[in-house]
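A look at the structure
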Amino acid sequence: MPQKIKTDSNANEQLKIPQHIAIIMDGNGRWAKKRGLPRKMGHSAGGEAFIKIVGDCNKLGVGYLTVFAFSTENWKRSSDEISSLVSLMHKYIVKHTPKLMELNISLRLLGDYSAFDALTVKALDESVEKLKHNTGMTLCIALNYGGRDDIVHAVNLLIKSGKTVVAEEDIASALYTSGIPDPELVIRTSGEERMSNFLLWQTAYSELYFTDVLWPDFDRKELIAALESYSGRIRRFGGV
Ligand code: FPP
């Protein structure tokens, strides 16, 4: 059963809190452009928004928060932008691991992040290791992640294990998200309304919420608006 809580804005309003929220954090570049700033400043502002939303989701009692930080398609960007994004992620993970520890948050990485530089991979692995016994919210960061790649990777694991016929459960348990419940709610910022190769298998029945707000401006108030929208939806899963 989804947990229900009272919001700050309306004490009588009951919010349903999904067990798993997934977010496509889009619009960093446009946020920077509007201010005449380089794109990397948009990503830095996006990093700040990300950290605050992690804290907000944790306080609200969300079980799993998944963010799309770097897609398999992001390699098409300039080498300058790629290296600033990767170094930002490296910096954030090192800086915020103690805070995640304090909040009892564990970390899962989705995708083939071994494609990043050795020091970043080491920092990511160390953070996962440090946080692995935490029992509160699980933060999942999708890094060099693509939904199609996730499925292909899973099928190859199953073939290697000797399987010749597979069931849905086999695929689900070989995905990067193995053991994690499917997200009930997907949020995408910046006015774009598509999945862009994010969690394709896992979002078969997810509720989708789109907002024009650019990711660096997405805050607790915007999160509550998304949860209010989600709370009013009836999920039938193909039934009546
Ligand atoms: C999309 O905006 C955003 C990304 C490709 C990267 C998301 C990364 C962060 C929010 C940085 C921090 C993340 C972590 C996990 C520390 P865009 O560049 O596509 O924006 P645009 O569509 O306006 O150009």
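Residues numbered from 1 in each chain as written. Predicted model: local features only at pLDDT ≥ 70, side-chain atom pairs only at ≥ 80, totals over all residues. Heavy atoms only, no water.

Glancing now at the packing of helix 2 (residues 39-60) against helix 7 (residues 220-231). At a minimum axis distance of 10 Å, the contact between helix 2 and helix 7 shows a crossing angle of 50 degrees. By the angle between their directions, the pair helix 2 and helix 7 is classed as oblique. Pair helix 2 / helix 7 crosses with right-handed handedness. Mapping the contact onto sequence places Ile53, Asp56, Cys57 and Leu60 in helix 2 and Arg220, Leu223, Ile224 and Leu227 in helix 7. (Axes fitted to C-alpha atoms, helices over the stretch in contact; angles between N-to-C directions. Helix = DSSP H or I, 4+ residues; strand = E, 2+ residues; numbered from the N terminus. Parallel < 35°, antiparallel > 145°, perpendicular 65-115°, else oblique. Left-handed = near helix turned anticlockwise from the far one by under 90°. Contact = heavy atoms within 4.5 Å.)

All right, on to the sheet that holds strand 4 (residues 64-71) then. Picture the strands of a sheet paired through backbone hydrogen bonds; they go either parallel or antiparallel. Spatial ordering of the open sheet is given by 5-6-4-3-7-8, a layout of six strands whose pairing is parallel. In this open sheet, the two strands that pair with only one neighbour each are strand 5 (106-110) and strand 8 (207-210). Each neighbouring strand pair of the sheet contributes to a mean axis angle of 20 degrees, computed without reference to strand direction. In the sheet, strand 3 (residues 20-24) pairs with strand 7 (residues 185-188) via four bridges, with the strands oriented parallel. Considered in strand 7, the bridge of isoleucine 23 is made with isoleucine 187. (Pairing = 2+ DSSP bridges.)

Turning our attention to the side chain of threonine 203. Considering the arrangement of structural elements, one finds threonine 203 in the loop between strand 7 and strand 8. Excluding anything up to four places from it in sequence, threonine 203 contacts Pro183, Val186, Met195 and Phe198.

Moving on to helix 5 (residues 147-160). With 14 residues, helix 5 extends 20 Å from end C-alpha to end C-alpha; this agrees with the ideal 20 Å at 1.5 Å per step. Within helix 5 the residues assigned to the buried category are Gly147, Asp150, Ala154 and Leu158. Considered in projection along helix 5, the buried side chains sweep an arc of 70 degrees and stay on one side of the axis. For helix 5, exposure combined with an orientation more than 90 degrees from the buried face picks out Arg148 and Lys160. Lining the buried residues of helix 5 we find strand 6 (138-145) and helix 6 (168-174). Directly after helix 5, the chain includes glycine 162, whose backbone phi takes a positive value near 100 degrees. (Expected span 1.5 Å × (residues − 1). Buried < 20%, exposed > 50% of the residue type's maximum accessible area, 1.4 Å probe, protein only. Arc of directions from axis to C-beta.)

Let us look at helix 7. Taking 1.5 Å per residue, 12 residues should reach 16 Å; helix 7 reaches 16 Å between its end C-alpha atoms and fits that length. Buried residues along helix 7 sit in contact with strand 2 (14-17), strand 3, helix 2, strand 7 and strand 8.

Turning our attention to the environment of lysine 95. Relative to the helices and strands, lysine 95 resides in helix 3 (residues 79-102). When its relative accessible area of 55% is taken as the criterion, lysine 95 is described as exposed.

This next bit is on the pairing of strand 6. Across the eight residues that make up strand 6, a large majority, eight, are buried. Sheet topology note: the strand 4/strand 6 ladder contains seven bridges and is parallel. For valine 67, the partnering residue across the bridge sits in strand 6 and is isoleucine 141. Handedness of the strand 5-helix 4 (residues 118-131)-strand 6 crossover: left-handed. (Right-handed = clockwise from strand over helix to strand, strands pointing away.)

By nearness alone, 20 residues border the ligand, and Met25, Gly29, Arg30, Arg39 and Arg77 come closest of all. Note that an oxygen atom of the ligand is positioned 3.2 Å from one of the backbone N or O atoms of asparagine 28. Within the contact set of the ligand, an oxygen atom lies 2.8 Å away from a side-chain nitrogen or oxygen of arginine 77. About the coverage of the ligand: the protein hides 91% of its 620 Å² of free accessible area. The set of elements that each furnish at least two residues to the shell around the ligand consists of helix 1 (28-34), helix 2 and helix 3. Looking at the shell around the ligand, the element that brings in the most residues is helix 2, giving five residues. The class makeup of the residues in the shell around the ligand is nine nonpolar, seven polar and four charged. (Near = heavy atom within 4 Å. Polar contact = N/O pair within 3.5 Å; in protein donor to acceptor, adjacent residues only side chain to side chain. Areas by Shrake-Rupley, 256 points an atom, 1.4 Å probe, with all protein chains shown as cover. Nonpolar A, V, L, I, M, F, W, Y, C, P; charged D, E, K, R; others polar.)

Mapped onto the elements of the fold, threonine 138 is located in strand 6. A distance of 3.3 Å separates a polar atom in the side chain of threonine 138 from a polar atom in the side chain of serine 106. Discounting residues that sit within four places of it in the chain, threonine 138 has contacts with Gly63, Tyr64, Leu65, Ser106 and Arg108.

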